[in-house]
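As a plain string of letters, each chain reads:
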Amino acid sequence: MQSAFDRDALSSRLRLAERGRMIFGKRKKKDPESEAESLPPSAEVIAAGNHDSDDAVVPAEVALDFIAEMLRTLGENSFSVGPKAVAEIEAFFEGWARHLLVGVRPPREDIDESDAKPSKKNAEEEERTAKRDLPGLRRALREHRKQEVGYVTTSLNDFREASWAFIGSLRRSLTVEQTSDRRLGHRMRRLEGAVRGGEADRIKSEAQETVSLLTEFLNDRGARHQAQIAEMAARLENLRDELDSVRANAAIDAVTKTYNRASFDEQIEREVDLATLFGKRGCLMMIDIDHFKWVNDTHGHPCGDEVLRSVAETLNRCYQRKDDFVARYGGEEFSIVLRDISLPVARDVAERGMDAVRRLEVNFPGVEEPIRVTVSIGIARLRSGETTRSWIERADRALYQAKDGGRDCIEVDPIDLADA
């Protein structure tokens, strides 16, 4: 039961939060001595931002209210992480919010609730005198974030193993049998379309139809092939649920809102599998923003993030085919996968993207003139039997040739030029 002290303290903090909620604006810089005189003798304050700037001085109570509100927002928008249910995670964040607001003991997973508890009087005294455990809060948030990352990563790996192992098994079966039946070829093209569309019901339906057709060919070829069909059918039973789980935890880069590096690694593996299975080769483009370090050094990292977002939006507008895949590879570098495309066409669409970036104007508060940037692009086309690592290395090599050649240009890997 909440003590009278808890209720009074919480009401007082809520009233203070209402009065000081929006005090984070700029204020004129004062002399240190006059600044000290203007504050109550025992007031706790928190200086936000850089101590050398004219940033506002925020009362500690308001800062704690703000942090508690953010913790509750995290709890209200949480999702199950492995064995931890949503209600448990929401209670965890609520416990930390109450610790900051009224000083109750913070939630601890390592505390055994069966231990001998202090008397009611001592417990109330402990709550009134408890200090805010900010280092403990930082550790708790870091551990929770690690658990979330581990859960999402595991889900992505499980889905990749389920879906692409199926396609890999199917490809190996066709290679062994070397069949060219027209009906099977038609069914394989329908399966390819379903995989591209990413609709769970259609993938399951088309894959099951393909398995049924394959069964007709493999029934006469012994128990080994029957075992392969049984294994693939078992994988299909769980494919839809795994697909839904991965979609719920989509891997998107927080700054640019494009796919992140983990998504790119999965997509590039998928492209090699599909090219091997269906014989349709694509191109990989590696794109680097020229002189991006100068933007960060001159205007600061927030301005650099705005440039990254603007370039990402431009690339997404330029590459809107259903099969085009745009991702942030790392830092100021982007990667684009263009499926089933010839080298001349890939170079033409790369030119359009480069021109669009040249026309881009990035406006940022405090910067008088719009910021203009250019990009360097390296292109490599997937070769028959090539690994993902080799494909990426060749595209990256072409990118550095473009940067060494003066930037703001496109280079194609020499191996592909020799075959053109």
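Everything here concerns the structure above.
Residues numbered from 1 in each chain as written. Predicted model: local features only at pLDDT ≥ 70, side-chain atom pairs only at ≥ 80, totals over all residues. Heavy atoms only, no water.

**Structural notes on the sheet that holds strand β7 (residues 410-412)**
Then, in step 1: Read from one edge to the other, the open sheet built from 5 strands follows the order β4-β5-β3-β6-β7, with strand pairing classed as mixed. Looking along the sheet, the strands with just one partner apiece sit at the ends: β4 (325-330) and β7. With strand direction ignored, the average angle separating the axes of adjacent strands in the sheet is 20°.
Then, in step 2: Sheet topology places strand β6 (residues 375-381) next to β7; 3 bridges connect them, and they run parallel. Looking across to β7, one finds that Ile-377 is bridged to Ile-410.
Then, in step 3: Here helix α13 (residues 343-358) sits on the sheet and contacts β3 (283-289), β5 (333-338), β6 and β7; the angle it forms with β6, its principal contact strand, is near 165°.
Then, in step 4: Sheet contacts for helix α14 (residues 388-404): β3, β4, β5, β6 and β7; angle to β6, the most-contacted strand, approximately 145°. (Pairing = 2+ DSSP bridges. Helix = DSSP H or I, 4+ residues; strand = E, 2+ residues; numbered from the N terminus. Axes fitted to C-alpha atoms, helices over the stretch in contact; angles between N-to-C directions. Contact = heavy atoms within 4.5 Å.)

**Description of the packing of helix α3 (residues 60-76) against helix α4 (residues 86-102)**
Two quantities define a packed helix pair, namely the angle between the axes and the distance from one axis to the other.
Then, in step 1: Packing of α3 against α4 leaves a shortest axis separation of 8 Å and a crossing angle of 170°. In this view, α3 runs roughly antiparallel relative to α4, as classed from their interaxial angle. Taking contact as the criterion, the partners of Leu-64, Asp-65, Ile-67, Ala-68, Leu-71, Arg-72, Leu-74, Gly-75 and Glu-76 in α3 are, on α4, Glu-90, Phe-93, Glu-94, Trp-96, Ala-97, Arg-98, Leu-100 and Leu-101.
Then, in step 2: In the contact of α3 with α4, the residues fall into 10 nonpolar, 1 polar and 6 charged. (Parallel < 35°, antiparallel > 145°, perpendicular 65-115°, else oblique. Nonpolar A, V, L, I, M, F, W, Y, C, P; charged D, E, K, R; others polar.)

**Focus: the environment of Glu-61**
Then, in step 1: Relative to the assigned elements, Glu-61 resides in helix α3.
Then, in step 2: A sequence separation of 39 residues divides Glu-61 from Leu-100, and the C-alpha atoms of the two residues are 9.2 Å apart.

**Comments concerning the packing of aromatic side chains**
The description of an aromatic ring pair rests on the distance of the ring centres and on the angle between the ring planes.
Then, in step 1: The tally for this structure, following the rule as stated, stands at 3 aromatic pairs.
Then, in step 2: Ring centres of Phe-92 and Phe-93 lie 5.3 Å apart, and the angle between their planes is 75°; this geometry places the pair in the edge-to-face category. Pair check on accessibility: Phe-92 and Phe-93 agree, each one buried.
Then, in step 3: A ring pair is formed by Phe-264 and Tyr-329, whose centres lie 5.4 Å apart and whose planes are at 85°; its orientation type is edge-to-face. Of this pair, Phe-264 sits in helix α10 (residues 261-278) while Tyr-329 sits in strand β4, and the two are 65 residues apart along the sequence.
Then, in step 4: You can call Phe-264 buried: its relative accessible area is 0%. (Phe/Tyr/Trp six-rings, centres within 6.5 Å; stacked < 30°, edge-to-face > 60°. Buried < 20%, exposed > 50% of the residue type's maximum accessible area, 1.4 Å probe, protein only.)

**A closer look at the side chain of Arg-328**
Then, in step 1: Looking at where Arg-328 falls in the secondary structure, it is placed in strand β4.
Then, in step 2: Arg-328 gets classed as buried once you look at its relative accessible area, which sits at 15%.
Then, in step 3: Reaching out from Arg-328, the side chain makes a polar contact with the side chain of Asp-253 at a distance of 3.4 Å. (Polar contact = N/O pair within 3.5 Å; in protein donor to acceptor, adjacent residues only side chain to side chain.)

**Observations concerning α3**
Then, in step 1: Relative to the 24 Å expected for 17 residues at 1.5 Å per residue, α3 spans 24 Å between its end C-alpha atoms, a close match to the ideal helical length.
Then, in step 2: Considered for burial, the residues of α3 that qualify are Ala-60, Val-62, Ala-63, Leu-64, Asp-65, Ala-68, Leu-71 and Gly-75. (Expected span 1.5 Å × (residues − 1).)

**A word on the pattern of salt bridges**
Then, in step 1: What the rule picks out here adds up to 20 salt bridges.
Then, in step 2: Between Asp-323 and Arg-339 there is a salt bridge; the shortest N-O distance is 3.6 Å. With a gap of 16 residues between them, Asp-323 in the loop between α12 (301-318) and β4 and Arg-339 in the loop between β5 and α13 connect regions that are remote in the sequence. The exposure classification of Asp-323 matches that of Arg-339, with both residues buried.
Then, in step 3: Two residues, Asp-355 and Arg-358, come together in a salt bridge whose shortest N-O distance is 2.3 Å. Remark: Arg-358 and Asp-355 occur in helix α13; sequence separation between them is 3 residues, near one turn of the helix.
Then, in step 4: Arg-358 gets classed as partly exposed once you look at its relative accessible area, which sits at 32%.
Then, in step 5: Because the salt bridges share partners, they merge into one network encompassing Arg-383, Glu-386, Arg-394, Arg-397, Asp-413 and Asp-416. (Salt bridge = Lys/Arg side-chain N within 4 Å of Asp/Glu carboxyl O.)

**Focus: the packing of helix α11 (residues 292-299) against α12**
Then, in step 1: Remark: α11 packs on α12, axes separated minimally by 7 Å, with the N-to-C direction vectors making an angle of 140°. Regarding the angle of α11 to α12, the classification is oblique. Residues Phe-292, Val-295, Asn-296 and His-299 of α11 lie in contact with α12, whose contacting residues are His-301, Cys-303, Gly-304, Val-307 and Leu-308.
Then, in step 2: Residue composition of the contact of α11 with α12, grouped by class: 5 nonpolar, 4 polar and no charged.

**With respect to the nonpolar core**
Then, in step 1: With 34 residues, the main nonpolar core has Met-285, Leu-315, Ile-377 and Ile-379 as its most contacted residues.
Then, in step 2: The set of elements that each furnish at least two residues to this core consists of β3, α11, α12, β5, α13, β6 and β7. (Core = buried A, V, L, I, M, F, W, Y, C linked by side-chain atoms within 4.5 Å.)

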